[in-house]
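# Chains, contacts and geometry: an overview
In case you want the letters, here they are:
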Amino acid sequence: SFNPQELANTAWAYATAAHSAPTLLDAIAAAAVPRLRDFNPQDLANTAWAYATADIPSNALFLCSRFVELCDAAAESFDPAALRQLHQWLLWLDERNLPWPQLSLPLAARCRESFGAEEGVPSRLQRRVAAALREGMRLPLREEVRTPLEYSVDAVVDFEGREVAVEVDGPSHFVGRAPNGATALKRRQLRAAGWLLLPVPYWEWDDLEADAERGVGEANARHAYLERGLRAAVASRAVKTV
């Protein structure tokens, strides 16, 4: 009995919360297909983003050309947020090598442009982590780096001849202490594109700073923490290569 908006919003909500529900999303896809023409632009974008974020391929929704035809027909009605969602859906097709119809080149270009136009704003936490890397550990560092995917990463560190992307994630990136859907999607797509990645959750850094203020633990505990993370990021690539 759900209408198109309720179908799209339910899929979006589960994906946003990073709550795995493949059977539900399959059921939503089956209910959506006969009514796709009644989906407005936001419904289309929310649906595409939800399945990309949940990483649940749906041939029912996307294998035929109807979905992209509806997106192309609504191209002028997508707002910037919807265009960014569709860009991540397109990245998912490449990530998974999915043989589905693509958006028209002009619409895909607008999606990419909108995604890349979103400027990162460094948080105070991000600046403190960057300072520890640059000044405390003397590592070459670039902040707010735009990747070829058009994702912006907080910092890129040159560590022992390898570039490692560092993402300093505050409370808005989590549900409890698990990455929310948007954060998990970004991490997954960066890694799929070949990036070495070091996530720095806010509570781990806060604990290290609190210990330093109390004089508890090693004097350079924050540097040791970052070095362990950088080495683990580099080692993860070695394991995948083997």
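These lines cover the structure that appears in this document, whether it is placed above or below. (Residues numbered from 1 in each chain as written. Predicted model: local features only at pLDDT ≥ 70, side-chain atom pairs only at ≥ 80, totals over all residues. Heavy atoms only, no water.)

### Comments concerning the pattern of salt bridges
Under the definition given, this model contains twelve salt bridges. Here E160 ties to R231 by a salt bridge, and the two come within 2.9 Å at their closest N and O atoms. Of this pair, E160 sits in the loop between β2 (152–159) and β3 (162–169) while R231 is found in helix α11 (residues 221–241), placing the two residues 71 residues apart along the sequence. Look at E160 and you get exposed, because its relative accessible area is 56%. The residue E167 makes a salt bridge to K186 at a minimum N-O spacing of 2.8 Å. Note that E167 is positioned in strand β3 and K186 in helix α9 (residues 181–192), a separation of 19 residues in sequence. Residue classification places E167 among the buried positions, given a relative accessible area of 5%. Because the salt bridges share partners, they merge into one network encompassing E160, E227 and R231. (Salt bridge = Lys/Arg side-chain N within 4 Å of Asp/Glu carboxyl O. Helix = DSSP H or I, 4+ residues; strand = E, 2+ residues; numbered from the N terminus. Buried < 20%, exposed > 50% of the residue type's maximum accessible area, 1.4 Å probe, protein only.)

### Section: the layout of surface pockets
Considering only enclosed or pocket space, the largest pocket measures out at about 890 Å³ in volume. Residue lining of the largest pocket: 32 residues in total, with E118, Y151, H173, A182 and K186 positioned closest to the centre. Residue assignment for the lining of the largest pocket shows that the elements contributing at least two residues are α1 (4–16), α6 (80–96), α8 (124–136), β1 (141–146), β2, β3 and α9. Its residues assigned to classes, the lining of the largest pocket shows nine nonpolar, twelve polar and eleven charged. (1 Å grid on protein atoms, 1.4 Å probe; cavity = no way out; pocket = protein on both sides within 12 Å on 5 of 7 lines; lining within 4 Å. Points joined across faces, edges and corners; volume = space filled by probe spheres on them. Nonpolar A, V, L, I, M, F, W, Y, C, P; charged D, E, K, R; others polar.)

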